[in-house]
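# Structural overview
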Amino acid sequence: MQRKSSWILVCAFLCLSLLTGTAQTAGKTTAGKPVDAEGHQWWQHAVFYEIYPRSFADSNDDGVGDLKGITSKLDYLKDLGVDAIWISPCFPSPQVDFGYDVSDYENIDPMYGTLADFDTLSSEAKKRGIHIILDFVVNHSSDQHKWFLDSKSSRTAEHRDWYIWRDGKGPSQPPNNWTAIFGGSAWKFDPATNQYYYHYFYAEQPDLNWRNPAVKDAMFDVTRWWYKRGVSGFRLDAVDTLFEDPNLHDNPIRPGTNVFGDPVEESKYDTKLPEVHEALRGLRKVTDENNGVLIGETWTADIAELNKYYGEGNNELQMPMDFLFTTVNKLSPADFRKQIAAVDSASGWPTFVISNHDMARSYDRYGDGQHNDQIAKLMAGLYLTLRGTPIMYYGEEIGMKTTPPTRKEDVKDPIGRTGWPKEKGRDGERTPMQWDESENGGFSKAAPWLPVPATAKTHNVADESKDPESVLAFYKKVLKLRHTNKALLDGSYVPLNENDQNVLSYLRTYKDQVVLVALNMSGAEQKVNFELGKNGFSSAKSLVATGKSSSKGDVVTVEPYGVFIGQLLK
Ligand code: NOJ
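All values derive from a computational prediction rather than experimental measurement. (Residues numbered from 1 in each chain as written. Predicted model: local features only at pLDDT ≥ 70, side-chain atom pairs only at ≥ 80, totals over all residues. Heavy atoms only, no water.)

## A closer look at the side chain of Asn 520
Turning to its location among the elements, Asn 520 is positioned in strand E17 (residues 513-520). Relative accessible area serves as the criterion here: at 0%, Asn 520 is assigned to the buried category. Within the local environment of Asn 520, its side chain forms a polar contact with the backbone oxygen of Ala 524, the two atoms lying 2.8 Å apart. From its side chain, Asn 520 meets the backbone oxygen of Glu 559 in a polar contact 3.0 Å long. Beyond its immediate stretch of four places on either side in the chain, Asn 520 contacts Leu 378, Asn 502, Val 503, Glu 525, Gln 526, Val 558, Glu 559, Pro 560, Tyr 561 and Gly 562. (Helix = DSSP H or I, 4+ residues; strand = E, 2+ residues; numbered from the N terminus. Buried < 20%, exposed > 50% of the residue type's maximum accessible area, 1.4 Å probe, protein only. Polar contact = N/O pair within 3.5 Å; in protein donor to acceptor, adjacent residues only side chain to side chain. Contact = heavy atoms within 4.5 Å.)

Okay, structure coming up:
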C-alpha cells in the first residue's frame, strides 16, 4: 500500500533551521571542556559498547574472559566502529554477583589479570582512539571489602558507620519491612554485634552509608584514582538506591507476591531519594575536573524523572540511560515514536540502549523467531540513527540470542536459583561472545563458565565478517555512516508520518543536510510516498538500506522489516 507523507510541521521546522543555520544541540556544556562547533563533547559523537568481561574473550584459557582477551579484540572493536568500551566490574570480587560485589575498588580481580594488564589495555585502547569506561558500584561493596570487615567487627569500629546498621524491631524481627530486590528481607542479622545491616541486593552486598561524609569522600577518591590511570568515565551502578529513609518507614505493600515469593512493595522509602542528586553533583564535580563522563543506570518512570538525573543546568549525569526505550517491547512504530519524542524533549543528551547484561537480548525481545536477523538490522537502523549516544551490548552486532539455562542445576546467577522457574536469572544474556565456529565459539579453549549457545555455528564474527548480508556487516555500515554523516551526528530529530502503523520514519536535519530514515516494522513490503518534490527535494539517495529497500522519486519502498536510510537531495 502506498501512503502519503505528512510534512506540515517538518517543513516549518526545516525552513527555520535552513534560515538560521542552526541545529538543536545538546544541553549546556561545561566551560573549559573540548567541544565541537555544535558544542558537543566527544561522548556525544561516540558509540559505546558494553563488555561483560567474563564472557568476551579468554586469553589464558581458564574458561573466563579477561583483560588481555579484551586487548586482543581492540582491532575488532575499532573496525566495528566503537569509540568507548564500558567494562562491567573487573575489580577484585568474591563474584557472588559476578563483580557487582567489589572487595577492592582500586585493583583488578586476578581472574581478569593485573593492573599492568589494565594499563596495557588502556594504552592500546588509547592508540586506537577508544575510551575506557569503568563500572563503578556505588551503592554497595562486597561483604568481603576491608571496610565492611572492619564495620562488622564491633559497634565501635572505625568503619561501623560506613554501612547501615540498626537494631531489630524486636526479637528476630528486622528493623522494617523492606525487601531486597534479589529476594528476602533487606536486613541481615549479625550475631557478633547483635544488629542488622541493610542490603538492597544480595546479603553479600551491604549498602554503603552515603550519609557518612567519609564514605562519600572515599568513593570520590576512587574515581580520582582511576581517572589518574587514564579512564574516561564511569557507568554508575544502581544510582537509584544510594540513599534510604533514615527513619526507616515501612514501604507500602501492594497485593500479590513477586517471583521470590515476597510481598510486592512500593519502593517509596528505599529508592530515588532526593539526596541521590546531591551525591551525583559531587561525583560530577570530580568528573568535570578530570574531563570525564558519567553514565547512569537510571530506571526512571518518566522523562521528568530522567531530567532530574541530568540535573539543573546539566550538573549531574551526562548520560543517564533511557531504559524507558527498552520497555517498548514490540515492533510498534507508535510506541517507539512516543518514547523517542519523550526522550528527545529531555533536558540533556539522550542515551539509547536496547540490551544489556540484566535483560533478555534485543534479538529475542523483538525477533519473531523467523525474521530475527532482519529485525536485528531493523533495530540497529533505529537506535544507531537517533539523536543521542547509543550503548551497544557485546554480541548484539552479530545477532546473539538469549540462551537461558534449561535446568536449575546449571544456573550460575544466584537469582536464577532462588527464583526458579519463574526467574531463570541473567545467564541467558551473558553467554560467551561468539567469535568463530570452532569449539566454544573461539571464546576459550577450556570449557567456558557458561555454555556457548549452539547458534555460535551460524552467528559468529568470523563468518559474518565474510558475509555482506550479515547482521555484523549491517552494523558496520550503519556505524560507519553514523561517524561521518553530520545530520546523524548533530542533526535534529523530526518525526514523519506520525499515524503510520507500519513504518517508523523520521528526518535527521543539520543545516542543509537532511537524512531520511524509514524503518518497516511490519512483515509486508511498504511503499511510502514522502512527497519529496512538494517539499523541495528531488529524491532520496540511498546511504544504507537492507535488501530490496530503495527509493524512486517521492516513494520509498521498504522491504519487510527493512531499513532505508537516504540523503535528501535538492
Ligand atoms: C545493576 C547491575 O547491572 C546488576 O547486574 C547488578 O546485579 C546490580 N546492579 C547490583 O549491583
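## With respect to the site of the ligand
Taken together, the neighbourhood of the ligand is formed by Asp 97, Tyr 100, His 140, Phe 182, Phe 201, Arg 235, Asp 237, Glu 297, His 357, Asp 358, Arg 426 and Arg 430. Measuring from an oxygen atom of the ligand, one finds a side-chain N or O atom of Asp 97 at 2.5 Å. Notes on the ligand: free accessible area 290 Å², of which the protein chains cover 97%. Tallied by class, residues from the shell around the ligand come to 3 nonpolar, 2 polar and 7 charged. (Near = heavy atom within 4 Å. Areas by Shrake-Rupley, 256 points an atom, 1.4 Å probe, with all protein chains shown as cover. Nonpolar A, V, L, I, M, F, W, Y, C, P; charged D, E, K, R; others polar.)

## Overview of the nonpolar core
If you look at the biggest cluster of nonpolar residues, it comprises 136 residues, and the most contacted ones within it are Tyr 49, Ile 85 and Leu 382. Of the domains in this structure, domain 1 (42-141 + 213-243 + 281-480) and domain 2 (146-198) are the two that each give at least three residues to this core. (Core = buried A, V, L, I, M, F, W, Y, C linked by side-chain atoms within 4.5 Å. Domains from an automatic or database assignment.)

## A closer look at the domain arrangement of the protein
Segmenting the protein into domains produces domain 1 (42-141 + 213-243 + 281-480) and domain 2 (146-198). The straight-line distance from the C-alpha centre of domain 1 to that of domain 2 is 32 Å. Each partner contributes to the interface: domain 1 provides 11 residues, whereas domain 2 provides 6 residues. Taken as a group, Ser 141, Val 215 and Ile 415 account for 47% of the area that domain 1 buries against domain 2, more than any other trio of residues on that side. Between the two partners, domain 1 and domain 2, sit 0 salt bridges. Of all the secondary structure elements, the ones that give two or more residues to the side of domain 1 that touches domain 2 are helix H7 (213-228) and helix H13 (414-418). By residue number, the principal contributor to the side of domain 1 that touches domain 2 is H7, which donates 4 residues. (Buried area = accessible area lost by both parts, 1.4 Å probe. Salt bridge = Lys/Arg side-chain N within 4 Å of Asp/Glu carboxyl O.)

## A closer look at the pattern of salt bridges
Where charged atoms of side chains with opposite charge meet at close range, the side chains can pair. Taken as a whole, this structure holds 29 salt bridges when the rule is applied. One salt bridge connects Asp 237 with Arg 235, and the closest N-O pair in it is separated by 2.7 Å. When sorted by exposure, Asp 237 lands in the same class as Arg 235, which is buried.

## What to know about the pairing of strand E21 (residues 555-558)
Neither face of E21 is open: one carries Val 555 and Thr 557, the other Val 556 and Val 558, and all of them are buried. One ladder, built from 4 bridges, connects strand E18 (residues 526-529) with E21; its direction is antiparallel. What sits directly across from Lys 527, in E21, is Thr 557. Where strand E20 (residues 550-552) hands over to E21, the hairpin turn is made up of 2 residues, of which Gly 553 adopts a positive phi near 60 degrees. (Pairing = 2+ DSSP bridges.)

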